[in-house]
Amino acid sequence: MMESTTMSEDLRRRLPAVNTLLGHSLLAGDRGDVGDRVLTRAVRETLTAWRARLGTEGAALPDEATLIAEVRAAVGRQRCRRARPVFNLTGTVIHTNLGRSPLGERAIEAVVDAARHPVALEYALETGGRGDRDNLVEELLIELTGAEAATVVNNNAAAVLLALTALGAGREAIISRGEMIEIGGAFRMPDVMTAAGCRLVEVGATNRTHARDFRGALSEQSGLIVKAHTSNYHVEGFTASVPETELAAIAHGHGIPFMIDLGSGALTDFRALGLPHEVRPSEAIAAGADLVTFSGDKLLGGPQAGIVVGRRELISRLKQHPLKRALRCDKLILAALEATLSVYRDSEAPARELPTLAMLTRAERDIVTQAERLLPALGRAVAGIAECAVRACRSQLGSGSLPVDRLDSAALVLTSPSGRELGRLERALRQLPRPVIGRVHDGALWLDLRCLASADDEQVFVDQLEFLPDAWQAAT
Ligand SMILES: *Cc1c(COP(=O)(O)O)cnc(C)c1O
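Being a predicted model, the structure only gives us computed values, none of them experimental.

1. Regarding the overall build of the chain
Now for step 1: Of the regular secondary structure elements, the chain holds 21 helices and 15 strands.
Now for step 2: Overall, the chain is about 80 × 55 × 50 Å in size when its C-alpha atoms are taken along their principal axes.
Now for step 3: Residues classed as buried in the chain amount to 47% of the 476 residues present.
Now for step 4: Contacts in the chain between residues at least 24 apart in sequence constitute 74% of all its contacts with a sequence separation of at least 6.
Now for step 5: With the model as given, the accessible surface of the chain reaches about 23,100 Å², and the carbon-plus-sulfur share is 49%.
Now for step 6: Charge separation in the chain, taken as the distance between the mean sites of 55 positive and 60 negative side-chain charges, equals 4 Å.

Dropping the structure here:
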């Protein structure tokens, strides 16, 4: 024990000093390219890693060429943004961990403009007086949902929290037991209600809730009735829930508001796009909801945002609540949201302009043809590593939208003879300049091509396959 500690200490001492390596003639060019700071950090990182490695049994000193190569790799890693684009070939179109909806071109232009210049964010250009940042999108939201007023916050979880806090703090929020939902990332309806200072009153049973359950729960303490769209699961069989119009009537008969958390926020008729029906905010408003909350970056296809539409008097209570100030959106998000909403107002076919809708409505035939087109190139890139084939698969919408519905799609499927190499292959694909994220399923790595929808993306995908053999070597 003693012996090996001294030995590794001895090896460590024979590593070059930071300044020695930094001044190495082979790194002079790199220093010119990236500057002192970046290079110093890379040298430190490399030497620290070697100090640790030399503590393990049997480790030997690296030669100079290895150290130089590792410093260069560390420089590369530093210069590479963490928030860089990836290929989402997971088969989940609206993938929360991959940033949900990509924006349409109109929204991208709006974001770039707003980033570069001052924007009349809270400034009324007509009068020169102070404005309200919600004004940027409120009229559009009113037009698209038929509501009287609207406000926007950071995400839908924030929208629900704000609405419950402003309308229900210190009072009771009544909700069906079948809707005590948890959405990924620790958003649980009961917890949000507690955080909002509401007392939760659950009514009915998990599978069945009736109008009489809600009526029986009404009291002096009642603050509001809440309905949550059970967007990420589906109860089948002996079920019953109370129609929205009836819940609205029960709430209004008691003089309290009725709120619906819709989650997904589809702004166009999904059946007309050949997709399963998804309740729109306009339908929820028409059914009598006083407030409706939904996300900006799910089926709507815009930036991350939480939108609340509904009765003017209630929206104005939300706007005046201190939480609104803490949860508000910045100018980039509002610019992107305005541009995305304007697509729904202006376009006969929003799916042509909004990538999320375009991906969801992509024809299966088109994806199969693409898979067949890409098969030879991928086959060459993985020759000797894995087998490659085109297989039918089914994409899902994601982010809890329409959980039981699947879209027919096609995948490039990689299998390795022993099956053991799949993990390594996955890692190699993630090491490519634009990381490729697939899904391991049934002993194979599936690359669902539904989201590889643009010709430019396809070209990048093909071009970078030449790096795959090297990435495979490095991904031991
Ligand atoms: C997704 C979702 C939320 C959370 O929305 P975020 O925009 O992710 O904060 C809340 N409620 C429902 C029903 C949802 O589907």
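2. Some points on helix 11 (residues 244-253)
Now for step 1: Buried residues of helix 11: Leu-247, Ala-248, Ile-250 and Ala-251, and no others. All buried residues of helix 11 lie within an arc of 165 degrees about the axis, which places them on one face of the element. For helix 11, exposure combined with an orientation more than 90 degrees from the buried face picks out Thr-245 and Gly-253.
Now for step 2: Structurally, helix 11 contributes buried residues whose contacts are with helix 10 (211-217), strand 7 (222-228) and strand 8 (258-263).
Now for step 3: Immediately beyond the C-terminal end of helix 11, within one or two residues, lies Gly-255, with a positive phi of roughly 75 degrees.

3. A short note on the UniProt feature "domain: L-seryl-tRNA selenium transferase N-terminal" (unreviewed entry) in the chain
Now for step 1: Within this numbering scheme, the UniProt entry marks residues 12-51 as carrying the feature "domain: L-seryl-tRNA selenium transferase N-terminal" (unreviewed entry).
Now for step 2: Taken as a whole, residues 12-51 contains 75% helix and 0% strand, while its terminal C-alpha atoms sit 6 Å from one another.

4. Some points on the state of the cysteines
Now for step 1: Tallied over the entire structure, the rule returns zero disulfides.
Now for step 2: Left without a disulfide partner, Cys-393 is nearest to the cysteine sulfur of Cys-451, which lies 10 Å away.
Now for step 3: Exposure remark for Cys-393: the relative accessible area of 13% places this residue in the buried category.

5. Structural notes on the nonpolar core
Now for step 1: With 56 residues, the main nonpolar core has Leu-141, Ile-225, Val-309 and Leu-341 as its most contacted residues.
Now for step 2: Both domains that furnish three or more residues to this core are identified here as domain 2 (87-97 + 358-474) and domain 3 (103-353).
Now for step 3: Setting aside residues no more than four positions away along its own chain, Ile-225 makes contact with Ile-174, Phe-214, Leu-218, Leu-247, Ile-250, Ala-251, Ile-256, Pro-257, Phe-258 and Met-259.
Now for step 4: Within the second largest apolar cluster, 32 residues are counted, among which are Phe-87, Val-382, Leu-447 and Trp-472.

Quick notes on the rules
- Residues numbered from 1 in each chain as written.
- Predicted model: local features only at pLDDT ≥ 70, side-chain atom pairs only at ≥ 80, totals over all residues.
- Heavy atoms only, no water.
- Helix = DSSP H or I, 4+ residues; strand = E, 2+ residues; numbered from the N terminus.
- Buried < 20%, exposed > 50% of the residue type's maximum accessible area, 1.4 Å probe, protein only.
- Contact = heavy atoms within 4.5 Å.
- Areas by Shrake-Rupley, 256 points an atom, 1.4 Å probe, with all protein chains shown as cover.
- Lys, Arg positive; Asp, Glu negative; His and termini not counted.
- Charge placed at Lys NZ, Arg CZ, Asp CG, Glu CD.
- Arc of directions from axis to C-beta.
- UniProt positions renumbered as here; feature names shortened; annotations may be inferred.
- Disulfide = S-S within 2.5 Å.
- Core = buried A, V, L, I, M, F, W, Y, C linked by side-chain atoms within 4.5 Å.
- Domains from an automatic or database assignment.

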